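Chain by chain, the residues run as shown.
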Amino acid sequence: MYDLIIIGAGPAGMSAALAASENGLKKILLVERNDRMGGILNQCIHNGFGLHYFKEELTGPEYADRCEKLLADKGIEVRTDTMVLEVCDDKKVHMVSKNFGYKVEEAKAVILAMGCRERTRGSIATPGTRPAGVYTAGAAQKYVNMDGYLPGKRVVILGSGDIGLIMARRMTLEGAKVLACIEVMPYSAGLNRNVVQCLKDYGIPLYLSTTVTEIRGKDRVEQVVACKVDDKFNPIKETEMVFDCDTLLLSVGLVPENELTRKAGIKMNDKTRGPLLYSNCETSVEGIFACGNVAHVHDLADNVSREAILAGKAAAQYVLEGTKHPEELLKINLEKTANYKGEPTGLPEGITSMVCIVCPNGCQLMIDKSGGISGNKCNKGVEYAQAELSHPERVITSSVSLEGGSVARCPVKTAKPIPKAKIGELAKFLKTVSVKSPVAIGTVVCQFEGVDIVSTMSV
């Protein structure tokens, strides 16, 4: 029997395992359905992770690598390529793998950390035909970043969630033309900083209070029709726009992955669509805990890790001390960190504005005639504005071709920011680069105008 079984080895599962180990549990099993730990982080090759948890800006694979290294000497058993089929209320976990077949493992406690999934076209009932070329943004992300396929050449994105915004930039860097990002709400669903560095940097228009009303095409998407909506979200026919495109990406929300949770008879939270949690992350079934995006969808992986530490510690206390869950429920903040509502209007003469992209706060900075800067919550906001006005730069994340690896692409990033004016040249250059497996994380794979291009994953 195990002290603890954790289902899912993404940021939640890995952080929970670390906390449980550091709080006294010895026999821990971490189960992951993919062939490596990291979960969704492995395909999120963009930066923006780790600012709060590791106090450093990392890409998704780098964040996963840091978490994995923290677990390396803890004696935790890891089973990858293993699918959990059922979790019983007596904490028996049914799992299957090509390596060992079907097994039932028993534990004193279980932590659910299965993450979330994307909402699909079916869940939003978009009218029109059923042609090829309609993808969720996350599926397109995997095709581009890991498999080396470009899903389309002329792209419309429905929804302005962070994955959709990031894929607008990613598809552009890979040579596609992103015609529009369309959002039904009067504000963006993604972070302010992503609207700036994924749309505005590349001249991609964002249409707020707008939705897709029809998909046209027989074998492949040929057109997408969009309309403005009124305050009750009804399409306004006279505002109709037609986009000639071959691809529609859907970034229309995430839902906690809770089939196992429901099957275990755990009470659900109607607001979060995850399990109902007590303040120690325990579910209604004694000894079964949940954390991360399976509990409720988080904006940041850093917050996932923080919550998972609470769950790991609570599971250890339950196993070692028999601690009963407290009466109060976990306080869950479903508010977004920031929402982009378009450019500010009515500014005094001589005042300009910009959004700071240094951190997820996305502060709205104001610059006066004399160059004075306000609106920042830290000194980095002033430094960013000064640089943006005189010599705008970006750290660029992308991928290069990989020969002989388990994936088709090796994710990379520039070791330091490059001028914005050079981004297009860098994107073309990286298409000519190929590396041979294996490649260790941090390896310099090439240079671009004196700037190192480094691998962000061991492949």
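Up top is the structure.
Here we summarise the structure given alongside this text. (Residues numbered from 1 in each chain as written. Predicted model: local features only at pLDDT ≥ 70, side-chain atom pairs only at ≥ 80, totals over all residues. Heavy atoms only, no water.)

As for the sheet that holds strand β16 (residues 241-244)
- With antiparallel pairing, the three strands of this open sheet are ordered in space as β14-β15-β16. The sheet terminates laterally at β14 (210-216) and β16, the two strands that pair on one side only. Strand-to-strand twist across the sheet, computed as the mean angle between neighbouring axes with direction ignored, equals 25 degrees.
- In terms of strand pairing, strand β15 (residues 223-228) meets β16 through four bridges, oriented antiparallel. Opposite Q223, over in β16, you have D244 as the bridge partner. (Pairing = 2+ DSSP bridges. Helix = DSSP H or I, 4+ residues; strand = E, 2+ residues; numbered from the N terminus. Axes fitted to C-alpha atoms, helices over the stretch in contact; angles between N-to-C directions.)

What about the pairing of strand β17 (residues 247-250)?
- Alternating positions in β17 separate into two faces, T247 and L249 on one and L248 and L250 on the other, with burial throughout.
- Across three bridges, strand β10 (residues 134-136) lies against β17 in parallel orientation. Considered in β17, the bridge of Y135 is made with L249. (Buried < 20%, exposed > 50% of the residue type's maximum accessible area, 1.4 Å probe, protein only.)

Some words on the packing of helix α1 (residues 11-22) against helix α2 (residues 60-71)
- Interhelical geometry of α1 versus α2 gives an angle of 25 degrees and a closest axis separation of 9 Å. In terms of orientation, α1 lies roughly parallel with respect to α2. In terms of crossing hand, the pair formed by α1 and α2 is left-handed. Contacts from P11, M14, S15, A17 and L18 of α1 reach α2 at Y63, A64, C67, E68, L70 and L71.
- In terms of residue class, the contact of α1 with α2 is built from nine nonpolar, one polar and one charged. (Parallel < 35°, antiparallel > 145°, perpendicular 65-115°, else oblique. Left-handed = near helix turned anticlockwise from the far one by under 90°. Contact = heavy atoms within 4.5 Å. Nonpolar A, V, L, I, M, F, W, Y, C, P; charged D, E, K, R; others polar.)

Considering the nonpolar core
- Judged by nonpolar contacts, the single largest core of 61 residues is most densely connected at L4, I6, I7, L30, I111 and L112.
- Residue contributions to this core peak at nine residues, all from helix α8 (residues 301-321). (Core = buried A, V, L, I, M, F, W, Y, C linked by side-chain atoms within 4.5 Å.)

Brief notes about the packing of aromatic side chains
- In the structure shown here, the tally under the stated rule is eight aromatic pairs.
- Considering the side-chain rings of F289 and Y318, the 6.1 Å spacing of their centres and the 70 degrees angle between planes classify their relative orientation as edge-to-face. Separated by 29 residues along the polypeptide, F289 in strand β19 (residues 288-290) and Y318 in helix α8 bring together distant segments of the chain.
- Each member of the aromatic cluster is reached from another via a ring pair, and the members are F49, Y53, F54 and Y63.
- Directly above the aromatic system of Y2 lies the positively charged group of K27, at a separation of 5.1 Å from the ring centroid.
- We note R79 situated over the ring of F100; from NZ or CZ to the ring centre the distance is 5.1 Å. (Phe/Tyr/Trp six-rings, centres within 6.5 Å; stacked < 30°, edge-to-face > 60°. Lys NZ or Arg CZ within 6 Å of the ring centre and 35° of its normal.)

Remember that the coordinates give geometry; whether it matters functionally is a separate question.
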